[in-house]
Amino acid sequence: MGEIQALQIKYQNALNFLAGKDLVALPGALSDPGLDALSDAAFTDTTNDLSGFASFGSTTISQQANMSFSAMNAAAQSATDPLTDEMQRTINVPFYGPLEFGKKSQQLSVAFDTCSADLWIPVGCSDCVNPQYNVAASPTYRNTGNVFNINYEGFSYAEGTLAYDTIGMGGLKVNSQYFGAVTDASSNFNANPISGSLGLSFSSIATSGKPTFFENLIMQGKVEAPFFSVHLTRGKARGSKITLGGWDMSKAVGPLTWVSVISKTYWTVHFDGAVVDGNYVSGNVDAAIDTGTSYIYVSQTLAYSIYANILGAGPAANYSSGFFSFPCDSNPTISFSLGGHDFGLSIQDFKLGQDGYGSTNCIGGIVGLDDPFMEGIVIIGNEFMKSWYSVFDYSHGARVGFAPSINNAQ
């Protein structure tokens, strides 16, 4: 499926969600103040070199430095999953990795997506060409018979019923995890080399109305800390990873900066604006930090304002509407202000390649969309996260942390 189609499905209700409409109530346990102490303790664990990951603004760090996680389940841990980037594409296939299903831990590849909240996988789907879950091999599988449906104006859909079973990743398991057992899907879902999707946003936007896999890990005391972290490689199919309940310090080369989440729907922070070659471009919209998206998407109006500050830039000659190009021999500097903090965008990720064979112009990685939902949101995808090791934390009212990635030192 093309990336823009996928965005239209995922964000079709964005304006309502961000306005607090049509939301599912989050479990109260996810707002427990005890999560703050667990997160602070994780970032001050004296058995690791965490000097670069100081928890800014916290008043409880010194109090929690020697905490032994006594409030957690004794079996609490973290788990890391390798992620794959499908390099031979012309447009997005999300980073994906293995997830285990059922009593016998059947492995299937799923996209890890921080801006959707549902887990779904094909089960007895006659139209699906990718590997499916063999429910007959799992005595713990149960189907509720309730309808599960993801649909965008009829041209993309995944339909089935809501089921539950044991789901696991790297030793972490949730019993009776709800997921969509998809029995019918449009052909564009078959274009991806993955079987399904694992949503990692807040369950307030879940089609299923059920907690996400990671939320259940937190509430069941299965993870040491209430956050997960993501490292994305640059220019490599292998080497990316997601860690549930922990982090990999070897993938960061600087301090962690926290940005408050302003809407517990997507991982949403405030997009103050951008600085382009020294010129400030106001944003004042919400920004979703999205591991399921390749590029950075803004409204058409904001895109024109950004590219107006890059000498020689304009609409791309050989790409669809919304794509812009600029002289390949230029290296504009671009940074985003998120929640009052500035984060640079690497030219290696922003400069996507030539605007056609032999062109002296290159395509820029900030894309303008004219869909109505884009007037209130910026979608910040993997192009940004390749420069910033990212931590998604349920504690302290919910926050996202960014540390300079090791990619920047290579």
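Residues numbered from 1 in each chain as written. Predicted model: local features only at pLDDT ≥ 70, side-chain atom pairs only at ≥ 80, totals over all residues. Heavy atoms only, no water.

Caption draft 1: Up close: the packing of aromatic side chains. Taken as a whole, this structure holds 34 aromatic pairs when the rule is applied. Residues Trp267 and Phe392 carry aromatic rings whose centres are separated by 5.5 Å and whose planes lie at 75° to one another, so their mutual orientation is edge-to-face. Of this pair, Trp267 sits in strand β13 (residues 267-276) while Phe392 is found in strand β24 (residues 388-393), placing the two residues 125 residues apart along the sequence. Among the aromatic residues, ring-to-ring pairing joins Phe202, Phe214, Phe228, Trp267, Phe392 and Tyr394 into one connected group. Seen from the ring of Tyr178, Lys210 lies directly overhead, with NZ or CZ sitting 4.6 Å from the centre. Sitting above the plane of the Trp258 ring, Arg399 keeps its charged end 3.6 Å from the centroid. (Phe/Tyr/Trp six-rings, centres within 6.5 Å; stacked < 30°, edge-to-face > 60°. Helix = DSSP H or I, 4+ residues; strand = E, 2+ residues; numbered from the N terminus. Lys NZ or Arg CZ within 6 Å of the ring centre and 35° of its normal.)

Caption draft 2: Up close: the sheet that holds strand β16 (residues 314-315). Here we have four strands laid out as an open sheet, ordered β16-β17-β21-β20, and antiparallel in their pairing. In the strand order of this sheet, the two ends are held by β16 and β20 (351-354), each with one partner. Bridge count between strand β17 (residues 324-327) and strand β21 (residues 361-364): three bridges; the pairing is antiparallel. When the bridges of β21 are listed, Pro327 appears paired with Asn361. On top of the sheet, helix α6 (residues 300-307) reaches β16, β17 and β21; it is set at about 5° to β17, its chief contact. (Pairing = 2+ DSSP bridges. Contact = heavy atoms within 4.5 Å. Axes fitted to C-alpha atoms, helices over the stretch in contact; angles between N-to-C directions.)

Caption draft 3: Molecular detail of the state of the cysteines. Summed over all chains, the structure comprises two disulfides. Residue pairing for Cys125: its cysteine sulfur links by disulfide to Cys128, the two sulfurs lying 2.1 Å apart. An S-S torsion of about 65° defines the bridge between Cys125 and Cys128 as right-handed. Neither Cys125 nor Cys128 differs from the other in exposure class; each is buried. Residue pairing for Cys328: its cysteine sulfur links by disulfide to Cys362, the two sulfurs lying 2.1 Å apart. Note on the Cys328 and Cys362 pair: the S-S dihedral is about 105°, so by sign convention the disulfide is right-handed. Linking Cys328 in the loop between β17 and β18 (334-338) with Cys362 in strand β21, this pair joins segments that are 34 residues apart in sequence. Relative accessible area serves as the criterion here: at 6%, Cys362 is assigned to the buried category. (Disulfide = S-S within 2.5 Å. Buried < 20%, exposed > 50% of the residue type's maximum accessible area, 1.4 Å probe, protein only.)

Caption draft 4: Examining the pairing of strand β4 (residues 119-122) more closely. Residues of β4 alternate between two faces, with Leu119 and Ile121 on one and Trp120 and Pro122 on the opposite face, all of them buried. One ladder, built from two bridges, connects β4 with strand β8 (residues 196-199); its direction is antiparallel. Looking at β8, one finds that Leu119 is bridged to Leu198. Sheet topology note: the β4/strand β7 (residues 172-185) ladder contains three bridges and is parallel. In the strand pairing of β7, Pro122 is matched with Val182.

Caption draft 5: Structural detail: the side chain of Ser203. Of note, Ser203 is situated in the loop between β8 and α5 (213-219). Within the structure, the side chain of Ser203 is placed 2.7 Å from the side chain of Glu215, a separation counted as a polar contact. (Polar contact = N/O pair within 3.5 Å; in protein donor to acceptor, adjacent residues only side chain to side chain.)

Caption draft 6: Spatial organisation of the nonpolar core. Within the largest apolar cluster, 71 residues are counted, with the highest numbers of intra-cluster contacts made by Phe179, Phe271, Phe336, Leu338, Ile366 and Phe384. Of all the elements, β13 adds the most residues to this core, at five residues. In this view, Phe336 contacts Phe271, Gly273, Ala274, Ile296, His341, Asp342, Phe343, Leu345, Ile366, Ile380 and Phe384; residues no more than four positions away in its chain are not counted. Grouped together as the second largest cluster of nonpolar side chains are 22 residues, Ala117, Ala288, Ala316 and Phe373 included. (Core = buried A, V, L, I, M, F, W, Y, C linked by side-chain atoms within 4.5 Å.)

Caption draft 7: Quick look at the environment of Thr161. Note on placement: Thr161 falls in strand β6 (residues 156-169). Measuring from C-alpha to C-alpha, the distance between Thr161 and Val182 comes to 6.6 Å, with 21 residues separating the pair along the chain. When near neighbours in sequence (up to four residues on either side) are disregarded, Thr161 contacts Asn143, Gly145, Asn146, Val147, Phe148, Phe179, Gly180 and Ala181. Of note is the side chain of Thr161, whose polar atom sits 2.8 Å from the side chain of Asn143.

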